[in-house]
Amino acid sequence: MNIREKIEELGKTAAALEPSAPLRSEWEKETLQYAHTFLESLRKTKAFHLNDEPAKGLRHPDFGEEGKPVAQVLRLLYDNLHNCGINPASGGHLGYIPGGGVYASALGDYLTAVTNQYAGIFFAGPGAVRMENQLLRWMCDLVGYPATALGNLASGGSIANLIAFVTARDSKGIKAAMIPKSVIYLTGQVHHCVHKAIRIGGMAEALVREVPMDARYRMDAGALAEMVEADKKAGLYPFLVVASAGTTDTGAVDPLDRIADICEANNLWFHVDGAYGGFFLLADVDYPGGGSVKDVFKGIERSDSVAIDPHKGLFLPYGVGAVLVKDVEAQMATHFYRANYMQDANDTADEYNPADLSPELTKHWRGLRMWLPLQLYGIKPFKAALEQKIWLCRHFYEEVQKLGFEVGPYPELSVCIYRYVPKDGSDANAFNLDLVKKVQEDGRVFISSTTIDGVVWLRLAVLCFRTDLREIDILLEVLSSGSSSGG
Ligand SMILES: *Cc1c(COP(=O)(O)O)cnc(C)c1O
């Protein structure tokens, strides 16, 4: 066989990678049917499945030399996906931080995969890159950043925080030798990915100070000011404050405006982790005691960087969290690199390249899964859903007290904590952990718990766009019967 014949021979087998139009139609039909069956049955299926042998059919690689029929493969998928673990698409998912996964994103991801646009460098994918920057500008407007700001569509809040911290490190001139004398300020309620990012970012040996909190788990700004002052006097290099706009445990928002004052006065990088809470900037809701949700975000526009997760507060499917950086040039200084083989990609374009603003080069084009829902639905239903989540949390907060539960602080956003203290004096922590198990065994809704200062609290996190009164009522019903054994 000569070379041409060999190539043609291999090409015939490899042609299976480009299915014919009829085969594509068959696969599409089966896949869409799967998707629609899933969506139509969402309200009937559990939010959580206990399973002794979860996903056992996926343990061993079973990829044969020959392809399998689509129905068989989707069956395998179905059998290993929907009878174990959490169903994050369910409105009954009230644990951790849910989101749901709006349908239009699925169509966006479909077109993203089919067209395989390159969203790293403007020269290669002008439309894809411009779309991502357009979305970032929209979010920058939302937090009140100026035109010098941009950021990056990352995979989630963890990477968003990481990008912000390494930018802060370089921007404040913190070299390796200075790390042991450099100081980062945060509270005991920051998300654990903050600590992870500090370590990955080469700052594990920095001094990480836990600033005290008030009774509502918000950073005590007065204490922060004193700590910074003392550290400066001691010859240390305070350079970064990490505030939370919606903590994962309780949804608390740190006093952003006061923290901004302190950061400005001391030349500190001010980062706001709004991975969970950031999109509540869209909500227009007052507090019963005065003030509004918009008020608690005041000062976010004075920060240097923000993490905000569309796969939480915009209800997108998992896989997109954004970092916004007020001075995009600082972000670029930390992430920019060029290789010889990229010499044809001219950099004269008027758009920043995502690849110059993050650790990633080739990446998922995350823009379309966000752009399409915003275009197809408009902003209005997102606002309404976010406001409704706040009201659902408040409703639960009132109702659960009527069942005899103790509650934590009044919810600032859509997360609250609560627990049952048994009247017979038995161990409250053990009782509440057992209550979580009871909710899991029922499975119609899913909740998670946390421990704060040694006390176990149950959490309600309302952020799935599908969560409605129905799911809150189910939870109240399960909690009511579950707590009745506690006298
Ligand atoms: C979820 C969350 C994160 C982490 O974001 P991922 O998207 O899960 O990586 C960070 N901070 C807060 C406050 C969060 O709620």
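Above: the structure in question.
We now turn to the structure provided with this report. (Residues numbered from 1 in each chain as written. Predicted model: local features only at pLDDT ≥ 70, side-chain atom pairs only at ≥ 80, totals over all residues. Heavy atoms only, no water.)

Some words on the side chain of T167
- Looking at where T167 falls in the secondary structure, it is placed in helix α6 (residues 157-171).
- When sequence neighbours within four positions are dropped, the list of residues in contact with T167 reads W269, V325, A330, Q331, T334 and H335. (Helix = DSSP H or I, 4+ residues; strand = E, 2+ residues; numbered from the N terminus. Contact = heavy atoms within 4.5 Å.)

Section: the pattern of salt bridges
- Here the structure, examined in full by the defined rule, presents 24 salt bridges.
- Close ionic contact of R302 with D261 constitutes a salt bridge, the shortest N to O distance being 2.7 Å. Of the two residues, R302 is situated in the loop between α10 (293-296) and β8 (305-308) and D261 in helix α9 (residues 256-266); the sequence distance between them amounts to 41 residues.
- You can call R302 partly exposed: its relative accessible area is 21%.
- Note that R419 and E406 form a salt bridge whose closest N and O atoms lie 3.0 Å from each other. Of the two residues, R419 is situated in strand β11 (residues 415-419) and E406 in strand β10 (residues 406-407); the sequence distance between them amounts to 13 residues.
- Looking at R419, the relative accessible area reads 14%, which means it is buried.
- In this structure E406 comes out as partly exposed when scored by relative accessible area, which is 32%.
- Through salt bridges with shared partners, a single network forms among D257, D261, E264, K298 and R302. (Salt bridge = Lys/Arg side-chain N within 4 Å of Asp/Glu carboxyl O. Buried < 20%, exposed > 50% of the residue type's maximum accessible area, 1.4 Å probe, protein only.)

Considering the sheet that holds strand β9 (residues 321-325)
- Taken in spatial order, the seven strands make up an open sheet running β3-β9-β8-β7-β6-β4-β5, and their pairing is mixed. In the strand order of this sheet, the two ends are held by β3 (150-154) and β5 (207-210), each with one partner. Going from strand to strand, the sheet's axes swing by 15° on average, the running direction of each strand aside.
- Across five bridges, strand β6 (residues 237-244) lies against strand β7 (residues 269-274) in parallel orientation. Bridge pairing in β7 links A243 to V272.
- Relative to β3, helix α5 (residues 126-143) is tilted by about 115°, and along the sheet it contacts β3, β8 and β9.
- Most of the contacts of α6 go to β7, to which it runs at about 180°, and overall it touches β3, β6, β7, β8 and β9. (Pairing = 2+ DSSP bridges. Axes fitted to C-alpha atoms, helices over the stretch in contact; angles between N-to-C directions.)

Here we look at the pairing of strand β13 (residues 455-461)
- Of all the seven residues making up β13, six are buried; the element is thus mostly covered by neighbouring parts of the structure.
- Inspection of the sheet shows β11 paired to β13 by four bridges, in the antiparallel sense. Counterpart to I417 in the pairing with β13 is R459.
- Strand direction decides the pairing type here: strand β12 (residues 448-452) and β13, joined by five bridges, are antiparallel. Pairing of T451 across the sheet is with V456, part of β13.
- With antiparallel pairing between neighbouring strands as the criterion, β12 and β13 make up a hairpin whose turn holds two residues, including D453 at a positive phi of roughly 50°.

Purely spatial values, then, with no claim about function.
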